[in-house]
Amino acid sequence: MCGIVGYAGTSSRVVDHDALDVLIEGLRRLEYRGYDSAGVAVVADGAIHSRKKAGKLANLENEIAEAPLPKSMTGIGHTRWATHGGPSDGNAHPHLADGGKLAMIHNGIIENFAGIKAELVAEGATFLSETDTEVAAALLGKLYTTEAAGDLTLAMQLAVARLEGAFTLLAVHEDHPGVVVAARRNSPLVLGLGDGENFLGSDVSGFIDFTRRAVELGQDQIVTITPDTHTITDFQGNPAEGKEFTVDWDAASAEKGGFASFMEKEIYDQPAAVADTLLGRSDANGRLTLDELRISPEELAKISKIVVLACGTSAYAGSVAKYAIESWCRIPVEVELSHEFRYREPIVDENTLIVSISQSGETMDTLMAVRYAKEQGAKTLSICNTNGSTIPRESDAALYTHAGPEIAVASTKAFLAQITATYLLGLYLAQLRGNLFQGQIKDILADLGKIPAKIQDILDRGEEIKSVARKMAQVPSVLFLGRHVGYPVAMEGALKLKEIAYIHAEGFAAGELKHGPIALIEQDQPVFVVVPSPRGRDSLHSKVVSNIQEVRARGANTLVIAESGDEDVRAYAEFVFYVPETPTLLMPLLTTVPLQLFACELASAKGYDVDQPRNLAKSVTVE
Ligand code: F6R
């Protein structure tokens, strides 16, 4: 939610960037975080100059083209996902204070803003927007001119001491050209180190065009950047350290690379996402070597229960993991939506392993659930795609997915990489606990190793399902059925369609059909059915084939995803897409792909922006 970028540079360096160019480039890359409005403020000629506009970044760029900004070396930029106040020009960030001398941008929610606002109004302050951010700016402006006596960093320290909630705040003041001050609590912020210039971003994509040297900032920290320095303290002003890391992907991996959308490109990135996530994690004998896990093998061997915490697509990855881990390790696995978890007094203790799954590593619901579980004594392991993000940093252990940057709001390649990582975790636990023979683990790893080529095969035949999607652009509703590991795949297929094509879509466990959902079936209702392998578990296949017949008998238009060679389904399907043969537990890595292609193509056929669907944001950093 909300993308933030800050820049402090100098004109004396070899390449002298205009702050505006750096900010706009950063916002372009961060726009996936929110696109309700965009704005910038730069410090130039002893004054703050700001432009902001509702809607996508392009609107701001048009605004700046009409009313250009002076060249500057310092500035802040923001792309918004609205929380307090609708997506209007007035509510767009930056917000000004101290008589227009100070500008502030914000990501998060300041929970006690109403009380502070009332106090400031009583002192004579007036507000132009409905945002909590303008209140924080006014507070900072007041403290700057009073208690902090013109020290912007000190003013930030004093301001954050009054604020409750989640926030990343960035501020510039006309008295301090070349200085950006930032503070973070429960909301992301990364520092980028350049040569004679420094950067701040919600994540590294905010400055990836300029540097790959980044510093992970801790919770409750303040950072002040100038072109040549960065100073990190805690909220009390005590010196603090950040952890430097090198960004291991380059700007090109965050480009569309000839595809019509990031989503389409990311679907086609999936063979690499799975292969890279498997890479280097086992030896030639099939022995898993997850050295990066910071929980000792002894502790992992002792766990008696796993609780997976995640939201949305990541939670469906967790549901797939449940089938695999329970089967391989014989450990009970519960999968819970993060936002439901901590409000029901869950039973977790030091023998519980919490596995959080988050592409961004910043989802507030998941972060809060992990913190809660940690307080209860549980071990926490984060499966995450974003280096330098909060959830892995606060967890006892991290297992990174190597999907590369995921820009489209709808998750695709991160999902397959998450499933792959949970398989690695399951096999590692089975190895530690002796639940599987080494030879069995080796065989499963070999099957996993074949998955990227099988995904490629599906992608190469993508037109088969895309042509169906184009014909279905006008359908008002689509249902998805699956059993066993096909059930979370059905849920994910429905979610993709809802979020980018705005079509009513529901995923069901096929066995649940007769308990209610079958009442929805009427003539020509499209129903996708994810069919298990006919070689798989006894009777599972025949039960799903019966389910296809049941909906078809009631008029449904049946679209089937089945394993290559499954002739049983043909008689009952209007359309069949075959995926290559693979062991049942690994099937979701294949059966998901045609459903992603279907949603992406259908939404594109409707003319929608598949990368930035309405009302959504990539990184959900508010509860
Ligand atoms: C759906 C989607 C969301 C995310 C969810 C969790 O396509 O992207 O449902 O999966 O918001 O996000 P992360 O994985 O970043 O915690």
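Note that this is a predicted model, so its numbers are computed, not measured. (Residues numbered from 1 in each chain as written. Predicted model: local features only at pLDDT ≥ 70, side-chain atom pairs only at ≥ 80, totals over all residues. Heavy atoms only, no water.)

> Would you mind showing me how to read the packing of helix 16 (residues 486-501) against helix 18 (residues 588-605) here?
Packed helices, taken two at a time, are described by the angle their axes make and the gap between the axes. Their axes nearest at 9 Å, the elements helix 16 and helix 18 cross at an angle of 20°. Judged by the angle between their axes, helix 16 and helix 18 are roughly parallel. When the axes of helix 16 and helix 18 are compared, the crossing they make is right-handed. Contacts between helix 16 and helix 18 pair V489, E492, G493, K496, L497, I500 and A501 from the former with P588, T591, T592, L595, F598, A599, C600, L602 and A603 from the latter. Grouping the amino acids of the contact of helix 16 with helix 18 by side-chain chemistry returns 11 nonpolar, three polar and two charged. (Axes fitted to C-alpha atoms, helices over the stretch in contact; angles between N-to-C directions. Helix = DSSP H or I, 4+ residues; strand = E, 2+ residues; numbered from the N terminus. Parallel < 35°, antiparallel > 145°, perpendicular 65-115°, else oblique. Left-handed = near helix turned anticlockwise from the far one by under 90°. Contact = heavy atoms within 4.5 Å. Nonpolar A, V, L, I, M, F, W, Y, C, P; charged D, E, K, R; others polar.)

> How should I be thinking about the side chain of T412 in this particular structure?
Locating T412 in the fold gives a position in the loop between strand 19 (397-400) and helix 13 (413-433). If we ignore the near neighbours within four places in the chain, the residues touching T412 are M263, E266, I267, Q270, E406, K496 and Q596.

> Quick question: what am I supposed to make of the pattern of salt bridges here?
Side chains that differ in charge, positive against negative, can pair when their charged atoms come close. Tallying each qualifying case throughout the model produces 32 salt bridges. We note a salt bridge from E61 to R28, for which the minimum N-O separation is 3.4 Å. Residue E61 is located in helix 2 (residues 57-66), and its partner R28 is located in helix 1 (residues 19-30); the two are separated by 33 residues in the primary sequence. In this structure E61 comes out as partly exposed when scored by relative accessible area, which is 30%. K265 is the salt-bridge partner of D269, the closest N and O atoms lying 3.3 Å from each other. The pair formed by D269 and K265 is uniform in burial state, with each residue classed as buried. (Salt bridge = Lys/Arg side-chain N within 4 Å of Asp/Glu carboxyl O. Buried < 20%, exposed > 50% of the residue type's maximum accessible area, 1.4 Å probe, protein only.)

> I'm lost on the pairing of strand 10 (residues 198-201) in this one. Help?
Remember that side chains alternate between the two faces of the sheet whenever the strand is regular. The side-chain alternation of strand 10 yields two buried faces, one formed by N198 and L200 and the other by F199 and G201. Of the strand pairs in this sheet, strand 1 (residues 3-8) and strand 10 are connected by four bridges, and their pairing is antiparallel. By the bridge assignment for strand 10, V5 is matched with G201. Hairpin remark: strand 9 (residues 190-193) followed by strand 10, antiparallel, with four residues in the connecting loop; positive phi at G196, about 75°. (Pairing = 2+ DSSP bridges.)

> What should I look at first to understand the sheet that holds strand 18 (residues 379-384) in this one?
Hydrogen bonds between backbone groups are what pair the strands of a sheet, and the pairing can be parallel or antiparallel. An order of 16-15-17-18-19 is seen for the five strands of this open sheet, with the pairing classed as parallel. Looking at strand neighbours, the two that pair on one side only are strand 16 (333-337) and strand 19, the edges of this open sheet. When the angles between neighbouring strand axes are averaged without regard to direction, this sheet yields 20°. Note that strand 18 and strand 19 share four bridges and pair parallel. Pairing of I383 across the sheet is with L399, part of strand 19. In the packing of helix 9 (residues 312-329) onto the sheet, contacts are made with strand 15 (305-310), strand 16 and strand 17 (352-358), and the angle to strand 16 comes to roughly 170°.

> Teacher, can you tell me more about the side chain of Q612 here?
Take Q612: it is sitting in the segment after helix 18. Q612 sits in the buried class, given a relative accessible area of 13%. Of note is the side chain of Q612, whose polar atom sits 3.2 Å from the side chain of K56. Once residues lying within four places of it in the same chain are set aside, the contact partners of Q612 are E31, Y32, Y35, K56 and V409. (Polar contact = N/O pair within 3.5 Å; in protein donor to acceptor, adjacent residues only side chain to side chain.)

> Would you mind going over the domain arrangement of the protein with me for this structure?
Interfaces are frequently sized by the accessible area removed from exposure as the parts join. The assigned domain composition of the protein is domain 1 (3-247), domain 2 (254-455) and domain 3 (461-616). For domain 1 and domain 2, the distance between their C-alpha centres works out to 33 Å. Between domain 1 and domain 2, the contact holds 12 residues from the first and 13 residues from the second. Of the roughly 1,100 Å² buried between domain 1 and domain 2 on both sides combined, carbon and sulfur atoms contribute 52%. Per-residue buried area on domain 1 facing domain 2 is highest for Y32, N186 and E216; these three make up 39% of the total on that side. If you look at where domain 1 meets domain 2, you find one salt bridge. A salt bridge links R393 to E216; its shortest N-O distance comes to 3.3 Å. The interface formed by domain 1 and domain 2 includes four residue pairs in polar contact (both at pLDDT 80 or more). Per-class residue counts for the side of domain 1 that touches domain 2 are six nonpolar, three polar and three charged. (Domains from an automatic or database assignment. Buried area = accessible area lost by both parts, 1.4 Å probe.)

> Is there a simple way to explain unusual backbone geometry in this structure?
Glycine aside, residues mostly have negative phi angles, and peptide bonds mostly take the trans form. For the bond running from H93 to P94, omega is 0°, close enough to zero to count as cis. Mapped onto the elements, P94 comes out in the loop between strand 4 (74-80) and strand 5 (95-97). The backbone phi angle of E345 is positive, close to 50°, even though this residue is not glycine. Here E345 is to be found in the loop between helix 10 (338-341) and strand 17. By relative accessible area, E345 is classed as exposed at 69%. A positive phi angle, close to 70°, is found at N615, a residue other than glycine. Structurally, the position occupied by N615 is in the segment after helix 18.

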